[in-house]
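Fold and geometry: a report
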Amino acid sequence: MYVQRLELVDFRSYEAVAVDLSAGTSVLVGPNGVGKTNLLEALGYVATLDSHRVATDAPLVRAGAAAAVIRCLVVHDGRELLVELEIVPGKANRARLGRSPVRRARDVLGALRMVLFAPEDLELVRGDPAFRRGYLDDLLVARQPRYAGVRADYDRVVKQRNALLRTAYLSRKTGGTRGGDLSTLDVWDTHLARHGAELLAGRLDLVNALGPFVAKAYDAVAAGRGAAGIAYRSGVEVGAGDRATLEQALLEALAAGRSSEVDRGVTLTGPHRDDLTLTLGTLPAKGYASHGESWSYALALRLAAYDLLRADGIEPVLALDDVFAELDAGRRERLAELVGGASQLLVTCAVPDDVPAALRGARYEVSEGTIRRAD
Ligand SMILES: Nc1ncnc2c1ncn2[C@@H]1O[C@H](COP(=O)(O)OP(=O)(O)O)[C@@H](O)[C@H]1O
Ligand SMILES: [Mg+2]
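Conventions adopted
Residues numbered from 1 in each chain as written. Chains lettered and ligands numbered in written order. Predicted model: local features only at pLDDT ≥ 70, side-chain atom pairs only at ≥ 80, totals over all residues. Heavy atoms only, no water. Helix = DSSP H or I, 4+ residues; strand = E, 2+ residues; numbered from the N terminus. Buried < 20%, exposed > 50% of the residue type's maximum accessible area, 1.4 Å probe, protein only. Expected span 1.5 Å × (residues − 1). Contact = heavy atoms within 4.5 Å. Near = heavy atom within 4 Å. Polar contact = N/O pair within 3.5 Å; in protein donor to acceptor, adjacent residues only side chain to side chain. Areas by Shrake-Rupley, 256 points an atom, 1.4 Å probe, with all protein chains shown as cover. Nonpolar A, V, L, I, M, F, W, Y, C, P; charged D, E, K, R; others polar. Pairing = 2+ DSSP bridges. Axes fitted to C-alpha atoms, helices over the stretch in contact; angles between N-to-C directions. UniProt positions renumbered as here; feature names shortened; annotations may be inferred. Phe/Tyr/Trp six-rings, centres within 6.5 Å; stacked < 30°, edge-to-face > 60°. Lys NZ or Arg CZ within 6 Å of the ring centre and 35° of its normal.

A few words on the environment of Arg225. Here Arg225 is to be found in the loop between helix 5 (185-222) and strand 9 (228-233). Overall, the relative accessible area of 58% leaves Arg225 in the exposed class. Residues Arg225 and Gly281, 56 residues apart in the sequence, show an inter-C-alpha distance of 9.1 Å.

Below, the structure is given as structure tokens:
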């Protein structure tokens, strides 16, 4: 799979830009702050409907503009597919596939599969569990787009259940005698258990499939120093990991935790509270790994995602944002060997010499608001 053309209107720093790309390696060169990452971020948004840098859409729209448009032509198995997204902050995105409107923006998921590694990914190792859950869920959706619906259903249930608990909590706190109406909580428990079990089953499967790829990728990136292992950490007993068992386990955990949830006014059990534990040898990576190790681990997580998607039979686009400047010469060469065969590899850098000669494909120069092919 590769992106043949990218057009942006009022996205980030770009008023209007269009760039033709080709399969194989492209290196985007330009000094800091000219908009290299913005280009990759736009593609990442098409792939996940999310930015790897910000949690809300407002910063994605050019200052002073009302909406942003990302248009990208994806070639897969010799067929072209045009994906168009309009981002209007505070509103649902509008999307078109092959020039026809789709019902929901998430219907475009799967049209572009992309793995993006960026400096922000250090948070995968060092940051809150939410980053690791996001990593898992994005990969889950990239492999099986129907999980976008599962994820949305689950998020909606947690939100509504939390709203119910919160209202009761506040009413109690302000001296309400009835403590708010919690009579519908049981219904929300069954919804939460049903959607939660589906999401949980998907994540457990994914972590099983991903584990060997993470170990292999870390080994390749860090040249045999320590073994990387991943494990899913759930607040419920996952047993054999099948949906029926998980649904039951969630229901029981919700029943057992009911009084503390009512006390605190928030849902304390479910996949939205789980984590992915990352280990190096016998130690957790978080809190123990050095900067270099954490960085290698984050890269290994992305490379593993890439390898897993490839093993599924669809070669995703691979993008490496500002990666080579962080590496010494030996590691640069090793990484180049690992990624050189990608059907499309997009690399950004400030200093072209940082990118190994093996990866010198097409070169693009990015300067404020424009991008042009340099050779
Ligand atoms: N919504 C926005 N409107 C206008 N400019 C923006 C917006 N968001 C980011 N920028 C600008 O984009 C630039 C950063 O682009 P970026 O792609 O991160 O640069 P780099 O080439 O270093 O990767 C900054 O100058 C920033 O001010
Ligand atoms: Mg950048």
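Okay, helix 3 (residues 129-143) next. In this model, helix 3 (15 residues) spans 21 Å end to end at C-alpha, consistent with the 21 Å of a helix rising 1.5 Å per residue. Among the residues of helix 3, those classed as buried are Arg132, Arg133, Gly134, Tyr135, Leu136, Asp137, Leu139, Leu140, Val141 and Ala142. Buried-residue contacts for helix 3 involve helix 2 (122-126), helix 4 (147-173), helix 5, strand 9, strand 10 (275-280) and helix 7 (291-312).

Moving on, we get to the site of ligand 1. Among the 15 residues in the neighbourhood of ligand 1, the closest are listed as Gly33, Lys36, Thr37, Asn38 and Pro59. In the model, an oxygen atom of ligand 1 is placed 2.7 Å from a nitrogen or oxygen of the Gly33 main chain. Within the backbone of Lys36, a nitrogen or oxygen atom sits 2.8 Å from an oxygen atom of ligand 1. When ligand 1 sits alone it has 580 Å² of accessible area, and the protein chains cover 69% of it. By residue class, the composition of the shell around ligand 1 is five nonpolar, six polar and four charged.

Turning to the sheet that holds strand 9, a few remarks are in order. Strand order in the open sheet made by the three strands is 9-10-11, with antiparallel pairing throughout. In this open sheet, the two edge strands, each paired with only one partner strand, are strand 9 and strand 11 (283-284). In the sheet, strand 9 pairs with strand 10 via six bridges, with the strands oriented antiparallel. By the bridge assignment for strand 10, Ala231 is matched with Thr277. In the packing of helix 3 onto the sheet, the strands contacted are strand 9 and strand 10, and the crossing angle to strand 10 comes to about 100°.

This next bit is on the UniProt feature "binding site: ATP" (unreviewed entry) in the protein chain. The positions UniProt marks with the feature "binding site: ATP" (unreviewed entry) are Gly30, Pro31, Asn32, Gly33, Val34, Gly35, Lys36 and Thr37. Note on Pro31: relative accessible area 52%, which makes it exposed. Non-local contacts of Pro31, meaning those with residues more than four positions away in its chain, are made with Lys36 and Val366. Looking at where Gly33 falls in the secondary structure, it is placed in the loop between strand 3 (24-29) and helix 1 (36-48). Overall, Gly33 belongs to the exposed group, its relative accessible area being 72%.

What follows covers the packing of aromatic side chains. Applying the stated criterion to the full structure yields two aromatic pairs. Plain terms: the ring middles of Phe117 and Trp295 are 5.4 Å apart, the flat faces sit at 85° to each other, and that makes the pair edge-to-face. Here the residue Phe117 occupies a position in strand 8 (residues 114-117), and Trp295 occupies one in helix 7, the gap between them amounting to 178 residues. Given the relative accessible area of 2%, Phe117 is considered buried. Taking the relative accessible area as the measure of exposure, Trp295 reaches 6% and is therefore buried. Measuring from centroid to centroid gives 5.5 Å for Tyr218 and Tyr297, while their planes differ by 45°, and the two rings are tilted. One end of the pair, Tyr218, is in helix 5; the other, Tyr297, is in helix 7, with 79 residues separating them in the sequence. By relative accessible area, which is 1% here, Tyr218 ends up buried. Stacked on the ring of Tyr147, the Lys or Arg Arg146 has its end atom at 4.5 Å from the ring centre.

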